[in-house]
Amino acid sequence: FKCDWSSDVCSSDLLDFIFYGSVGQSFGAFIVKGIYLKVIGDANDYVGKGMNGGTITIVPSVKNISVIKEQVILGNTCLYGATGGFLFAQGLAGERFAVRNSCAQAVVEGVGDHPCEYMTGGVIVILGQFGRNIAAGMTGGIAYFLDSDSTLLSKINQELVHPQKVVTREGEKQLKDLIELYQYNTGSTKALEILNQWDKFLPMFWQLVPPSEMNTSVANIAFSSFEALSN
């Protein structure tokens, strides 16, 4: 029984499936609340396409930290049109990760080009390397990118989104809660390192904020119930 604090992944009639090896295209497409899918191996394109709820967790079969940092564990166009649920992948995703995502939440350890393209909702966290043209056409949702080598700004498509540091306690909580959930589901050593040195890593995150999220408590101190963070 795989469960955590979120009501979307806790259910009395939870269906829990574990798969080994490589799974084909559109794995977990259109799944709903109450379904937990775990892959020990890797996955092809369109993981979580149109998913409405539930949780998809993908971890490598070999727990080698140096390999995980460079391993593409997901294909392209994952979470296309997803309307809910969670995706946790301990490795890198391909291109167009979370394209047209409208409500799903996800954490991965790296992405290719065009992540968060045309995204309209949800929360995405990237804990590692990233490609170019980030957040092109993104009109909703929030994305967090760990920018440990200070290269992110030159790769963001800033036509719509505003990149900023995490400025509110609500934003910090949103980010930290999702990383904790990711670590719980994957056992990620990188996530554990970030959580154990939170004060060090928090200032390295950029929060990408589209117009629809500018006047929310996670992105704007004027709407927060707490004092601003000091990064």
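Scroll up to find the structure.
Residues numbered from 1 in each chain as written. Predicted model: local features only at pLDDT ≥ 70, side-chain atom pairs only at ≥ 80, totals over all residues. Heavy atoms only, no water.

Visitor: Can you break down helix α3 (residues 189-196) residue by residue, with the values?
Guide: Within α3, burial applies to Ala191, Ile194 and Leu195. The arc that holds every buried residue of α3, seen down its axis, measures 95°, which confines them to one face. Packing partners of the buried residues in α3 comprise β6 (120-129), β7 (140-146), α2 (169-186), α4 (198-201) and β9 (205-209). The backbone nitrogen of Lys190 lies 3.3 Å from a side-chain oxygen of the residue at the head of α3, namely Ser188. (Buried < 20%, exposed > 50% of the residue type's maximum accessible area, 1.4 Å probe, protein only. Helix = DSSP H or I, 4+ residues; strand = E, 2+ residues; numbered from the N terminus. Arc of directions from axis to C-beta. Contact = heavy atoms within 4.5 Å. Polar contact = N/O pair within 3.5 Å; in protein donor to acceptor, adjacent residues only side chain to side chain.)

Visitor: An account of a nonpolar patch on the surface is requested, with residue identities and associated values reported.
Guide: On the surface, Leu15, Phe17 and Phe19 cluster together to form a nonpolar patch covering roughly 260 Å² of accessible area. Along the chain, the position of Leu15 falls in strand β1 (residues 15-23). Looking at Leu15, the relative accessible area reads 45%, which means it is partly exposed. (Patch = residues over 30% accessible without salt bridge, like charges linked within 9 Å, V, L, I, M, F, W, Y side chains within 5 Å. Areas by Shrake-Rupley, 256 points an atom, 1.4 Å probe, with all protein chains shown as cover. Salt bridge = Lys/Arg side-chain N within 4 Å of Asp/Glu carboxyl O.)

Visitor: Explain the side chain of Asn185 to me, using residue names and the numbers behind them.
Guide: Note that Asn185 resides in helix α2. Reaching out from Asn185, the side chain makes a polar contact with the side chain of Tyr36 at a distance of 3.0 Å.

Visitor: Can you lay out the nonpolar core for me, pointing to particular residues and giving the numbers?
Guide: Across soluble globular proteins, nonpolar side chains have a tendency to be buried as a group. Grouped together as the largest cluster of nonpolar side chains are 40 residues, with contacts concentrated most on Leu74, Leu79, Phe97, Ile124 and Phe145. Where this core is concerned, the elements lending two or more residues are β2 (35-43), β3 (55-59), β4 (86-89), β5 (105-110), β6, β7 and β9. The greatest single-element share of this core, amounting to 4 residues, is contributed by β2. Dropping the residues within four chain positions of it, Phe97 is found in contact with Leu74, Cys78, Leu79, Leu87, Ala106, Val108, Val111, His114, Pro115, Cys116, Ile124 and Ile126. (Core = buried A, V, L, I, M, F, W, Y, C linked by side-chain atoms within 4.5 Å.)

Visitor: So what's going on with the packing of aromatic side chains? Which residues, and what values?
Guide: Here the structure, examined in full by the defined rule, presents 7 aromatic pairs. Taking the centre distance of 6.4 Å and the plane angle of 75° together, the rings of Tyr46 and Tyr80 count as edge-to-face. Taken together, the residues Tyr46 in the loop between β2 and β3 and Tyr80 in the loop between α1 (65-68) and β4 connect sequence positions 34 residues apart. These aromatic residues form a ring-pair network of at least three members: Phe17, Phe19 and Phe27. (Phe/Tyr/Trp six-rings, centres within 6.5 Å; stacked < 30°, edge-to-face > 60°.)

Visitor: Residue-level account of the environment of Leu14, with values.
Guide: Position of Leu14 relative to the elements: it lies in the segment before β1. On the accessibility criterion, Leu14 (15% relative accessible area) is buried. For the pair Leu14 and Gly34, spaced 20 residues apart in sequence, the C-alpha to C-alpha distance is 4.5 Å.

Visitor: Quick rundown of the environment of Phe201? Include the residues and the values.
Guide: Take Phe201: it is sitting in helix α4. Separated by 53 residues in the primary sequence, Phe201 and Ser148 have C-alpha atoms spaced 8.2 Å apart.

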